[in-house]
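Residues per chain, in single letters:
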Amino acid sequence: MNWPISVGLVPEPAEHHRRRALSDTLEEVLGGFGFPSAHQVLSGGSGVGKSQLAAHHARFLSGHPVPNQRPEVLLWADATTRDGVVFAYAQAARQLFARVPDDPELAAGQFLSWLHDPVDAEEHRWLVVWDDLADPAEVEDLWPPPERAHGRMLVTTRHDLAPHGHPPHTVPGFSEAEAGGYLRAALVEAGIAHTGDELRQLATALDHLPLALSQATAYMADLQLSPAAYLALFHRRAAERGESFPQWDTDSPVSATWELAVERADAHRPEGVARPLMGLIALLDSAATPEQVAVSRPVRTYLGRRTFPARTLSRHEVRLALASLERLNLVARDTPLVIGAHHLTQRATLEHTRTRPTREAVRAIADGLVDVWPDTARDSALGRRLRSNTAVLRERTTGRVRVWSWLWEEGIHPVLFRAGSGLDSSRQVEWAVTYWEVLTEAVAHTLEPAPVNRTEQTGNFFRHGGRGGSPVITDPLAYWTGATADLSQAQRAFEDHYERQLRVLGPDHLDTLRTRHGLAYLRAQAGDTAGAITLYRRLLADLDRVVGSDRVETLSTRGNLAVCQAESGDLPTAVHASRSLLTDQREHLGPDHPNTLSTLHNLAHWRGVAGDPEGAVSDLRELVEVQEEVLGADHPGTLTSRHNLACWQARAHDTGGAVRALEDLVADRRRVQGPEHPDTLSSLRQLERLRRELRSRARSHPSDRDPDSGAREDGTNGNGGNHEVDPNDEPTGPQALNQSWI
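Since this is a predicted model, take the numbers as computed values, not measurements.

Rules of the game
Residues numbered from 1 in each chain as written. Predicted model: local features only at pLDDT ≥ 70, side-chain atom pairs only at ≥ 80, totals over all residues. Heavy atoms only, no water. Helix = DSSP H or I, 4+ residues; strand = E, 2+ residues; numbered from the N terminus. Buried < 20%, exposed > 50% of the residue type's maximum accessible area, 1.4 Å probe, protein only. Contact = heavy atoms within 4.5 Å. Phe/Tyr/Trp six-rings, centres within 6.5 Å; stacked < 30°, edge-to-face > 60°. Lys NZ or Arg CZ within 6 Å of the ring centre and 35° of its normal. Pairing = 2+ DSSP bridges. Expected span 1.5 Å × (residues − 1).

Turning to the environment of Leu 187, a few remarks are in order. Mapping Leu 187 onto the fold places it in helix 5 (residues 176–190). Residue classification places Leu 187 among the buried positions, given a relative accessible area of 0%. Along the chain, Leu 187 and Ala 221 lie 34 residues apart, while their C-alpha atoms are 7.3 Å from each other. Non-local contacts of Leu 187, meaning those with residues more than four positions away in its chain, are made with Ile 192, His 194, Leu 199, Met 220 and Pro 227.

Counted by the stated rule, this structure contains seven aromatic pairs. Centre to centre, the rings of Phe 111 and Trp 114 are 6.0 Å apart; their planes meet at 20°, and the pair counts as stacked. Residue Phe 111 and its partner Trp 114 are located together in helix 4 (residues 104–116), separated by three residues, close to a single helical turn. With a relative accessible area of 0%, Phe 111 lands in the buried category. Trp 114 sits in the buried class, given a relative accessible area of 5%. Taken together, a centroid distance of 4.7 Å and an interplanar angle of 50° make the contact between Trp 130 and Trp 143 tilted. Placement of the pair is Trp 130 in strand 4 (residues 126–133) and Trp 143 in the loop between strand 4 and strand 5 (151–157), with a sequence separation of 13 residues. Considered together, Trp 130 and Trp 143 belong to a single accessibility category, that of buried residues. Put simply, the rings of Tyr 89, Phe 111 and Trp 114 pair up and form one aromatic cluster. The ring of Phe 35 is capped by Arg 152, whose NZ or CZ atom sits 4.8 Å from the centre of that ring.

When you tally the buried positions in strand 4, you get eight out of eight residues, the bulk of the element. Relative to strand 4, strand 3 (residues 73–78) runs parallel, the two sharing six bridges. Looking at strand 4, one finds that Trp 76 is bridged to Val 129. As paired elements, strand 4 and strand 5 share six bridges and run parallel to each other. Residue Val 128 lies in a different strand from strand 5, and its bridge partner there is Met 153.

We now examine the sheet that holds strand 9 (residues 338–340). Pairing within the open sheet is antiparallel, and its three strands lie in the order 7-9-8. Each edge of the open sheet carries a strand with a single partner, namely strand 7 (289–290) and strand 8 (332–334). Where strand 7 lies against strand 9, two bridges are found, and the strand directions are antiparallel. In the sheet register, Pro 290 faces strand 9, and the bridge partner there is Val 338.

An ideal rise of 1.5 Å per residue puts 20 Å on 14 residues; helix 10 (residues 254–267) measures up with 20 Å between its terminal C-alpha atoms. Burial within helix 10 is extensive, with eleven of its 14 residues counted as buried. Listed as buried for helix 10 are Val 254, Ser 255, Ala 256, Thr 257, Trp 258, Glu 259, Leu 260, Ala 261, Val 262, Ala 265 and Asp 266. In this structure, the buried side of helix 10 is in contact with helix 7 (210–223), helix 8 (227–239), helix 9 (241–244), helix 11 (274–281), helix 14 (315–327) and helix 15 (343–351).

This is the structure we're talking about:
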């Protein structure tokens, strides 16, 4: 046995750490061993510095000048979940004993028995710290024994907790002297001139809150900004809080300090990555998100879509963005490769209009968890952290929607099964059974048609048909539009569905709005384009009000409205709307999001049909470049866009360029799709048609006509001559209406 034993990560001291008013009291009750001491609880709101205070005293005891006053067992546990405490206890047991049960609950019990042992444990000094205790009832059976001469217990929590009747220590924000000392030290180190009055005004504006002060000083140091200049920025952002945080009823100064800090971090290279990365981190465990998840390929692909031009970021670029977030005191990084973020920082991220959860973000982070989840995780530190992060993701909400539900809208996401399998492999039978019961109930509920009186109705998926092996239909709109041609019956079903949702969920629930989207879609499918336009416009106004203009639901509805406008013959309006939509989709969804690419395709087609073939060529060139980067050069979608580009090149007076492009395309389609594939034959027919046109022009006008002019022989602009045209070889029309918002 090698003493001392250390388990868990004690947070590193914050920059410019200040000695707090409570420090003397804690040193008195925790400052040595040899006399009984009650469990000590540090209670206070978010951002007041409870964890830093606990970490300071853990380090103080570990470095005590008298060796026999140092703890021989130092355990720091993340107490946001029971799993965090159990895992820390199990790790301690494995260092103490030669034989330890595989089951972490049993191993934790073995360590707890050792703490209670009146002989063995009393020979060794121990300190147990529970950081950020979230649910006292969940860990009621895991408390160490109180009043031990050789044992000490320290807990940080937002609860007013009094274990064994001992009142907690209330931790407020900094005092005026503490805040002034902190600001003075930070600004002196940054070389920023200041006065005492400026420091007092800044500390007062930030409510003496340590978290807000740390983000403010980091921002000032990064830009070499004076306190007066920062205070002006802060007040301006605080006054606009309602616009940035429309659903967060808070007066916390962190809302403004966070917004300024994340904006600055996002401006660092690689530009535009830090903000969406912060949005992903906020979805996960505040204490220990594995860095492997942040640099996983799914996450790097998601973040790359937020850059222009779109690309897949390297791991180094993501770590640079992490360093920027750390520099602005938005996250903390520790070894072994874990990322932490304060609860209040995460809350601000989840509430802000530009970083709140989206379907794409939730699926990206879930994909990242699966990507790094080893098959042999069992009870490893990585396996526990991944399960803990999955559990946190399960509880995240945006508005009244639990983001977890988005992970089974396109089939059950693998992370749901990974989390449950991890519990099984750890033989945490009770917890595993509970997990699978919850998941099974949720999925079954989602697939079943909800009766009128079921308040949890989702309206997204349902089971069609009766008993006896009827197929499960997970998308009612796909069923009604694909499995039956009776659109009037589909519309009646959706209208009944909508009436139930109005009564149960209300008009502003996202599922109610989704059903309205389906009704507008069915109206368009039935040929009532004018009626569909009216429904989409009304829906768009409500989506702007309820979820915001930057959400994928709102953007998708705008895309469908533009399609209907074009189909009604109003091409100028469709082109104008698509240009505006494309700008917003690139900013909020990313330049290579499928919806963004659909809009770019539609814009190119409508510009060409409206008499601007050169504009169509320009847009299609950009589309092909993005598709080659994201989908690959051999993807069918990329090949189709290349065919469309060649067709519009011919209409834009570049027949020669179109011929060369089609020659390359036919060769690639023969290699990828085969010589007899319909798409290969379509491109080949178009190529032969344009070749005939060039030969015909060369014979008719050997000297005075540019063979690459693309003009018809009769002097009119056209599609390649006066021969018969196969419509299947022409450029594809606009993308169809989106059935759903995904």
